[in-house]
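Now for the letters of each chain:
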Amino acid sequence: MDLITFASLSVILVAQEAPDTRPSEAETVARDYMAAYSEMDLDRMEHFLSEDAVFTDRTALGEDVGPDGLMYESRDAAMGMLREFDAQYQPIELGFVWDTIYESNGRVVFMGHVNALYPTQDASQNYRWRAEQVTVITVRDGQVIRHQDFANYANPQRGLVPEN
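Residues numbered from 1 in each chain as written. Predicted model: local features only at pLDDT ≥ 70, side-chain atom pairs only at ≥ 80, totals over all residues. Heavy atoms only, no water.

A.B. asks: Before we move on, can you summarise the overall build of the protein with the specific residues and values?
C.D. replies: For the protein, the helix and strand inventory stands at four helices and seven strands. Burial analysis of the protein (164 residues in total) assigns 34% to the buried set. When contacts within the protein are restricted to residue pairs at least 6 apart in sequence, long-range pairs at least 24 apart make up 55% of them. Summed over its atoms, the accessible surface of the protein is roughly 10,200 Å², and 50% of this surface lies on carbon and sulfur atoms. (Helix = DSSP H or I, 4+ residues; strand = E, 2+ residues; numbered from the N terminus. Buried < 20%, exposed > 50% of the residue type's maximum accessible area, 1.4 Å probe, protein only. Contact = heavy atoms within 4.5 Å. Areas by Shrake-Rupley, 256 points an atom, 1.4 Å probe, with all protein chains shown as cover.)

In structure tokens, the structure reads:
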């Protein structure tokens with residue numbers, strides 16, 4: 001076998017073994033949905049949710065939160081909760097930064113941090129709430145059917161940061 005034939009055969013074999021690096025439909029939907037969530041673009045976020053979507057945050061803490069955290073069992077219930085949160089706290093953004101994202105069996109796992117920013121009375125600074133977070137988004141037929149948040153509510157970083 002001459003050198004040119006060997007080189008051509010090697011290129012074909014490598015090309016056949018190269019993994020497909022294009023994101024799956026589930027990952028594309030989940031990334032777009034999480035971008036809307038990060039920006040608190042609730043109308044855009046709602047567009048991705050199936051009517052019977054389930055939104056859970058089993059790690060949530062608070063006076064009205066039970067030992068199993070929070071669970072909302074429809075798009076309307078989840079969006080109602082998010083709209084109440086938005087009205088009460090007026091977040092500028094949730095500011096997710098993901099160190100790792102992967103998809104398996106229609107579940108897209110996001111691992112990183114939430115870097116939520118909230119306005120203060122001083123326009124030159126914002127309040128920042130930062131914690132580790134894992135979110136698992138389950139996508140079926142192009143829609144989000146399950147959203148699971150897991151955040152380190154017990155040990156967040158908190159403080160004032162410059163407005164920009």
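Once the structure has been displayed, the description carries forward.
A.B. asks: Any chance you could break down a positive patch on the surface for me, citing the residues and the numbers?
C.D. replies: Positive charge collects at one region of the surface, where Arg58, Arg107, Arg140 and Arg146 lie side by side. Its place among the elements puts Arg146 in strand β6 (residues 143-151). On the basis of relative accessible area, Arg146 is assigned to the partly exposed category, the value being 32%. (Patch = residues over 30% accessible without salt bridge, like charges linked within 9 Å, V, L, I, M, F, W, Y side chains within 5 Å. Salt bridge = Lys/Arg side-chain N within 4 Å of Asp/Glu carboxyl O. Lys, Arg positive; Asp, Glu negative; His and termini not counted. Charge placed at Lys NZ, Arg CZ, Asp CG, Glu CD.)

A.B. asks: Run through the pairing of strand β7 (residues 157-162), naming residues and quoting values.
C.D. replies: Of all six residues in β7, zero are buried; the element is thus mostly exposed. Bridge analysis of strand β5 (residues 125-140) against β7 gives six bridges, and the strand direction is antiparallel. Within the sheet, the bridge partner assigned to Arg130 lies in β7 and is Gln157. (Pairing = 2+ DSSP bridges.)

A.B. asks: Please provide a residue-by-residue account of helix α4 (residues 75-89), values included.
C.D. replies: Because the α-helix completes a turn every 3.6 residues, residues three or four places apart line up on one side. For α4, spanning 15 residues, the distance from its first C-alpha to its last is 21 Å, which sits close to the expected 21 Å at 1.5 Å a residue. By the burial criterion, the buried members of α4 are Ala78, Met79, Met81 and Leu82. For α4, the angular spread of buried residues about the axis comes to 155°, placing them on one side. Residues of α4 that are exposed and angled more than 90 degrees away from the buried face: Asp76, Glu84, Ala87 and Gln88. (Expected span 1.5 Å × (residues − 1). Arc of directions from axis to C-beta.)

A.B. asks: Go over unusual backbone geometry with me, naming the residues and quoting the values.
C.D. replies: Unlike most non-glycine residues, Asn105 shows phi in positive territory, near 55°. Within the fold, Asn105 resides in the loop between β3 (97-104) and β4 (107-119).

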